[in-house]
Amino acid sequence: MSTPGETGTEAWPLWEVFVRANRGLSHVHVGSLHAPDPDMAVRNARDLYTRRGEGISIWVVPAEAITTSDPDAKGAFFESPAGKNYRHAVYYTKSEGVKHL
Amino acid sequence: MSGHGDEHAHGHVSVDELKLAEEFTGAQAGGEGQVATADAAEYALRLGDDALVLAQQLGMWIARAPELEEDVALGNIALDLIGHARSLLHYAGTATGRSEDDLAYWRDEPEWRNAWLFEQPNGDFAHTITRQLAASVYLVELYARLADSTDATLAAIAAKSLKEVDYHRDHATQWVLRLAGGTDESRRRMIAAITDTWPYVDELFHDDELVERLTADDVAVLPSTLREPFDAVIDAVLAEAELELPSGRTAFIAAGGGREGRHTEHLGPLLAEMQVLARAHPGASW
């Protein structure tokens, strides 16, 4: 990383923020922020995303550590399930005598 | 809303009146809201003025901090402090029938009771952080003890505020470590900030007749007894940051006098900016 202050356009790295609202729920992506390091990212996330009691746990992840699917390959990635109703559980009828389903 | 907009140049703008939480108005303690004794009111005024002046200083960082995130962090800290100030000034006002707004907007400089540390200018980010470190470490030690006050309202305010100033201390500590261990430039600024700020720390621990009377009844905390725990926390932070307090030629102790209404040249302009709107439109609400 370059020395802070070397260039006028330099910014802190970007972090993605995940907040868990309650015990038993999973962390949910709530947004992103800038911070110089992970400890400060957690604190900034606390100030930006949990001021009104939204959460009891925060995760921060360097945005650059996230690998994403290719938006241009949307068709190949996400459209193949079309017409394949049998992939959904509701496609099947319940056999007689099966409980708790 | 009204068809006669001309009567009110700014229209009918109203915001629901903000009510203080019950514990702050003393409702839980005294049933009908506790009225402060003259001594307790003066003590609450000192603490309230400390908080309000510091909040006003921090507010000046909004839109000027190094990053948007730090704007928000300092703004949130300022809002916490305004909350403490409202509670303390509200309680102080019960002794003389004045509201928190009367005390915030209609007192002139000699009537303010904050210590000099809180009115010192923001300077650069390192100066603000150093002032935050000294202020928040002091406030954590103070509120932790004041939570056991025999004055139920002061105890409730202290207990509620403690968690918030504890976060302020963490925020300041994190930045001291980063500025001290960052670049040559950030470390140079951090050292300069400590040199400039530390002369104003001593006043926080001055005892006088008022606090001695209040301490006899376990209402207040004797400031001098906070010095040792304050120094212990500061020493640990500075040791980790490999910083030292000023000594020798650069070390001096400012006279102080804020508790008696004597202030540095910085308080006047700050009050002028804070009070101008309320004084230009007395009784206005928005």
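Residues numbered from 1 in each chain as written. Chains lettered and ligands numbered in written order. Predicted model: local features only at pLDDT ≥ 70, side-chain atom pairs only at ≥ 80, totals over all residues. Heavy atoms only, no water.

Caption draft 1: Structural view of the sheet that holds strand E1 (residues 14-20) of chain A. Residue and element names in this part refer to chain A. One open sheet accounts for three strands, arranged E2-E1-E3; its pairing is antiparallel. Of all strands in the sheet, those with a lone pairing partner are strand E2 (28-34) and strand E3 (57-62), marking the two edges. Sheet twist, expressed as the average angle between the axes of neighbouring strands with direction ignored, equals 30°. Here E1 runs beside E2; their pairing, made up of six bridges, is antiparallel. Residue pairing across strands places Trp-15 opposite Leu-33, the latter belonging to E2. Helix-sheet contacts for helix H1 (residues 38-49) involve E1, E2 and E3, and the interaxial angle to E2 is about 115°. (Pairing = 2+ DSSP bridges. Helix = DSSP H or I, 4+ residues; strand = E, 2+ residues; numbered from the N terminus. Axes fitted to C-alpha atoms, helices over the stretch in contact; angles between N-to-C directions. Contact = heavy atoms within 4.5 Å.)

Caption draft 2: Here's a closer look at the pattern of salt bridges. Residues and elements named next belong to chain B. Under the defined criterion, the tally for this structure stands at 19 salt bridges over all chains. The closest approach of N and O atoms between Glu-100 and Arg-86, which form a salt bridge, is 2.5 Å. With a gap of 14 residues between them, Glu-100 in helix H5 (residues 100-105) and Arg-86 in helix H4 (residues 68-93) connect regions that are remote in the sequence. Accessibility expressed as a relative area gives 24% for Arg-86, which makes it partly exposed. A salt bridge links Asp-108 to Arg-279, with the shortest nitrogen-to-oxygen separation between them at 3.0 Å. Of the two residues, Asp-108 sits in the loop between H5 and helix H6 (116-119) while Arg-279 sits in helix H12 (residues 267-280), which places them 171 residues apart along the sequence. (Salt bridge = Lys/Arg side-chain N within 4 Å of Asp/Glu carboxyl O. Buried < 20%, exposed > 50% of the residue type's maximum accessible area, 1.4 Å probe, protein only.)

Caption draft 3: Spatial organisation of the nonpolar core. Residue and element names in this part refer to chain B. Formed by 90 residues in total, the largest nonpolar core has its most connected members in Tyr-43, Phe-118, Tyr-138, Leu-142 and Phe-230. Of the residues forming this core, the biggest block, 13 residues, is contributed by helix H7 (residues 125-146). For Leu-142, the contacting residues outside a window of four places in its chain are Tyr-43, Leu-47, Val-221 and Leu-226. (Core = buried A, V, L, I, M, F, W, Y, C linked by side-chain atoms within 4.5 Å.)

Caption draft 4: Structural detail: the packing of helix H3 (residues 38-59) of chain B against H12 of chain B. Residues and elements named next belong to chain B. Axis separation between H3 and H12 bottoms out at 11 Å; the angle between their running directions is 80°. By the angle between their axes, H3 is roughly perpendicular relative to H12. Along the contact surface, H3 presents Leu-52, Val-53, Gln-56 and Gln-57, while H12 presents Leu-267, Leu-270, Glu-273 and Met-274. (Parallel < 35°, antiparallel > 145°, perpendicular 65-115°, else oblique.)

Caption draft 5: Looking closely at the interface of chain A and chain B. Contact residues are listed per partner, giving 16 residues for chain A and 14 residues for chain B. Around 1400 Å² of area is buried between chain A and chain B when both sides are counted, 55% of it from carbon and sulfur atoms. Interface area lost by chain A to chain B is led by Trp-12, Met-40 and Arg-43 of chain A, which between them contribute 37%. In this structure, Arg-51 of chain A and Asp-80 of chain B form a salt bridge, with 3.5 Å as the shortest nitrogen-oxygen distance. Linking chain A with chain B are seven residue pairs in polar contact (both at pLDDT 80 or more). Those elements that provide at least two residues to the side of chain A that touches chain B are E2 and H1 of chain A. (Buried area = accessible area lost by both parts, 1.4 Å probe. Polar contact = N/O pair within 3.5 Å; in protein donor to acceptor, adjacent residues only side chain to side chain.)

Caption draft 6: Representation of the side chain of Ser-57 of chain A. All names here are of chain A. If you trace the backbone, Ser-57 turns up in strand E3. Here the side chain of Ser-57 touches His-27 through a polar contact of 2.7 Å, side chain to side chain. Leaving out residues up to four positions away in the same chain, Ser-57 has contacts with Phe-18, Val-19, Arg-20 and His-27.

From the geometry alone we can't say anything about function, so treat these as descriptive.
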